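# A structural walkthrough
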Amino acid sequence: MIHINCVSEDEPSLAVMQKMLDKFTGCFSISQRTNAHGFARIRSRIKAYNNAAAFAPYFIITDLDKNECAPTLIRDWLGEPPNKNMLFRVAEREIESWLMADRKNFAKFIGVSYEKIPFRPDEIKDPKGTLISLVKKSRNKALQTDMVPKNNSASIGPYYNAQLRNFILSSWDIQTAMGNSPSLLKAYLALQKFAAEQVVGSGE
């Protein structure tokens, strides 16, 4: 059993990490979950996390947002090679891309037709904005109230993260999503390799 610390920008990202780890039945146990409430705290502490990874495994996910590419972001943030116990992945461009990659379940969740969900979510420049635009077309008015921002000062609705977390844990099919999101597939394969190296490193 690999005891791992998870760090991400928000609750939906933590739920995604949990679903990813759960795919490796009996392999991982989450020691600590850290919701950084945005990328700034992760970036400010990333070197400390990397140092801590000398003693315990860390799994960190942040959004690419408007940065050039994932390798550049990781290099700029870390400024040094990642510890062998550090798994630092970047969602392209936001975690919402990975959720929309399970097109059928996501369409059912927000109450719109399947055809309205983007085919290549990794290529969307503003996944969160796209998701909210889709929710505005939803037949589920309660979901609109929860997820759509009420005014220009807010970027998301009051229960946006809670609704997405519930969707991830109850309905999101990561296997299907990996087929539509190269970014998610790369993260999963990196986790698979990480798990194998941890087992070998422990001498099991």
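Below you will find a few notes about this structure. Predicted, not measured: the structure shown is a model, and the values here were computed from it.

## Description of the pattern of salt bridges
This model, assessed by the stated rule, comprises 3 salt bridges. The salt bridge involving Arg 165 is made with Glu 11; its shortest N-O contact spans 3.8 Å. Residue Arg 165 is located in helix H8 (residues 160–170), and its partner Glu 11 is located in helix H1 (residues 11–22); the two are separated by 154 residues in the primary sequence. Using a relative accessible area of 32% as the deciding quantity, one classes Arg 165 as partly exposed. The class of Glu 11 is partly exposed, set by a relative accessible area of 32%. The partner of Glu 96 in a salt bridge is Lys 128, and the shortest N-O contact between them spans 3.3 Å. Of this pair, Glu 96 sits in helix H4 (residues 95–100) while Lys 128 sits in helix H6 (residues 127–136); the two residues are 32 residues apart in sequence, bridging distant segments of the chain.

## Side note on the environment of Ala 48
Tracing the chain through its elements places Ala 48 in helix H2 (residues 39–52). Residue Ala 48 is classed as partly exposed on the basis of its relative accessible area of 39%. Each C-alpha atom of the pair Ala 48 and Ile 132 lies 34 Å from the other, and the pair is 84 residues apart in sequence.

## Quick look at unusual backbone geometry
Residues other than glycine predominantly adopt negative phi, and peptide bonds predominantly adopt the trans conformation. With an omega of -15 degrees, the peptide bond running from Glu 92 to Arg 93 counts as cis. In this structure, Arg 93 sits in the loop between strand E4 (86–91) and H4. Although it is not a glycine, Asp 65 sits at a positive phi angle of roughly 50 degrees. Mapping Asp 65 onto the fold places it in the loop between strand E3 (58–63) and helix H3 (70–78).

## Brief notes about the packing of aromatic side chains
Scanning the entire structure with this criterion turns up 8 aromatic pairs. The interplanar angle of 25 degrees and the centroid separation of 5.2 Å between the aromatic rings of Phe 24 and Tyr 188 together place this pair among those described as stacked. With Phe 24 in the loop between H1 and strand E2 (28–35) and Tyr 188 in helix H10 (residues 182–202), this pair connects stretches of sequence that are 164 residues apart. By relative accessible area, Phe 24 is classed as buried at 13%. Assessed through its relative accessible area of 12%, Tyr 188 is described here as buried. Taken together, the ring pairs connect Phe 24, Phe 28 and Tyr 188 into an aromatic cluster. The ring of Tyr 49 carries Arg 45 above its face, with NZ or CZ at 5.4 Å from the centroid. Directly above the aromatic system of Tyr 114 lies the positively charged group of Lys 104, at a separation of 5.7 Å from the ring centroid.

## Thoughts on the pairing of E3
Of all 6 residues making up E3, 6 are buried, and the element is well covered by its neighbours. Of the two faces of E3, both are covered, the one formed by Tyr 58, Ile 60 and Thr 62 as well as the one formed by Phe 59, Ile 61 and Asp 63. Note: strand E1 (residues 2–8) against E3, 4 bridges, orientation parallel. Its bridge partner being in E3, Asn 5 is matched across the sheet by Tyr 58. As judged from the 6 bridges shared by E3 and E4, these two strands associate in the parallel manner. Looking at the pairing, Ile 60 lines up with Phe 88 of E4. For the crossover that starts at E3, traverses H3 and ends in the parallel E4, the hand is right-handed.

Calculation notes
Residues numbered from 1 in each chain as written. Predicted model: local features only at pLDDT ≥ 70, side-chain atom pairs only at ≥ 80, totals over all residues. Heavy atoms only, no water. Salt bridge = Lys/Arg side-chain N within 4 Å of Asp/Glu carboxyl O. Helix = DSSP H or I, 4+ residues; strand = E, 2+ residues; numbered from the N terminus. Buried < 20%, exposed > 50% of the residue type's maximum accessible area, 1.4 Å probe, protein only. Phe/Tyr/Trp six-rings, centres within 6.5 Å; stacked < 30°, edge-to-face > 60°. Lys NZ or Arg CZ within 6 Å of the ring centre and 35° of its normal. Pairing = 2+ DSSP bridges. Right-handed = clockwise from strand over helix to strand, strands pointing away.

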